[in-house]
Amino acid sequence: MASHKRLKSVVQSIAHHAVGALSFVHPHLGQACEAEGIDSIEVCVSDMELCPKVFLHIEPLRAALNSLKETFYRLVITEGFEPKDISSARLIFEFNHGQLDHYCSNCTASLVSASKIYKSKVNYLGNTEQGQSI
């Protein structure tokens with residue numbers, strides 16, 4: 001098994017990817033959350049269906065989130081782990097509705113593996129606030 005230090009890389013990479021324009025989660029998630037009056041939402045990447053139930057009817061959002069999930073597990077494998085090594089993986093998206101466009105959000109990624117929690121928070125400008133592993 002790979003060093004658990006590499007999971008810091010995974011959590012930072014997926015947070016960056018999640019707020020990046022190439023993930024295509026934006027603007028779909030931002031628009032959907034604004035329409036529902038939601039300022040933040042959690043997506044559990046390790047769930048079978050990661051799209052929040054209220055948004056299941058938005059096919060572009062479902063496709064983007066599924067692609068993000070594939071990217072996450074590709075990162076896990078690239079760093080020498082197997083999907084079963086990850087107990088849970090969550091992304092929390094935060095929006096500033098009315099102040100910024102739907103492409104702008106902050107994302108806090110966290111994952112649990114072998115009783116350790118790894119976190120990273122990235123804003124829409126790509127700035128990272130690295131969390132401590134617990």
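Residues numbered from 1 in each chain as written. Predicted model: local features only at pLDDT ≥ 70, side-chain atom pairs only at ≥ 80, totals over all residues. Heavy atoms only, no water.

Engineer: What is the right way to read the pattern of salt bridges from this model?
Structural biologist: Any two side chains of opposite charge can pair, given that their charged atoms come close. Under the counting rule described, the total for this entry stands at 6 salt bridges. The closest approach of N and O atoms between Glu 79 and Arg 6, which form a salt bridge, is 2.6 Å. Of this pair, Glu 79 sits in the loop between helix H3 (59-78) and strand E2 (88-95) while Arg 6 sits in helix H1 (residues 6-19), placing them 73 residues apart in sequence. Look at Glu 79 and you get buried, because its relative accessible area is 17%. A salt bridge links Glu 82 to Lys 84, with the shortest nitrogen-to-oxygen separation between them at 3.9 Å. Each of Glu 49, Glu 59 and Arg 62 takes part in salt bridges that share partners, so that together they form one network. (Salt bridge = Lys/Arg side-chain N within 4 Å of Asp/Glu carboxyl O. Helix = DSSP H or I, 4+ residues; strand = E, 2+ residues; numbered from the N terminus. Buried < 20%, exposed > 50% of the residue type's maximum accessible area, 1.4 Å probe, protein only.)

Engineer: Mind showing me how you'd approach the nonpolar core here?
Structural biologist: Nonpolar side chains tend to gather and get buried jointly when the protein is soluble and globular. Within the largest apolar cluster, 35 residues are counted, with the highest numbers of intra-cluster contacts made by Val 25, Leu 29, Phe 55, Phe 72, Leu 91, Phe 93 and Leu 111. If near-sequence neighbours (up to four positions away) are discounted, Val 25 is found in contact with Ala 18, Leu 61, Ala 64, Leu 65, Leu 68 and Phe 93. (Core = buried A, V, L, I, M, F, W, Y, C linked by side-chain atoms within 4.5 Å. Contact = heavy atoms within 4.5 Å.)

Engineer: Looking at this structure, how should I read helix H2 (residues 28-36)?
Structural biologist: By the burial criterion, the buried members of H2 are Leu 29, Gly 30, Ala 32 and Cys 33. Considered in projection along H2, the buried side chains sweep an arc of 170° and stay on one side of the axis. Check the buried side of H2 and you find it contacts strand E1 (40-44), H3 and E2. Of the residues trailing H2, Gly 37 is marked for its positive phi of about 70°. (Arc of directions from axis to C-beta.)

Engineer: Would you mind going over H1 with me for this structure?
Structural biologist: In an α-helix, one turn spans 3.6 residues; hence positions three or four apart end up facing the same way. Between its first and last C-alpha, H1 extends 21 Å over 14 residues, near the 20 Å set by a 1.5 Å rise per residue. Restricting attention to buried positions, one finds in H1 the residues Leu 7, Val 10, Val 11, Ile 14, Ala 15, Ala 18 and Val 19. Looking down the long axis of H1, one finds its buried residues gathered within 150° of arc, a one-sided arrangement. (Expected span 1.5 Å × (residues − 1).)

Engineer: Any chance you could explain the side chain of Ser 88 here in plain terms?
Structural biologist: Tracing the sequence through the fold places Ser 88 in strand E2. Judged by its relative accessible area of 17%, Ser 88 is buried. Setting aside chain neighbours within four positions, we find Ser 88 in contact with Ser 46, Ser 110, Leu 111 and Val 112.

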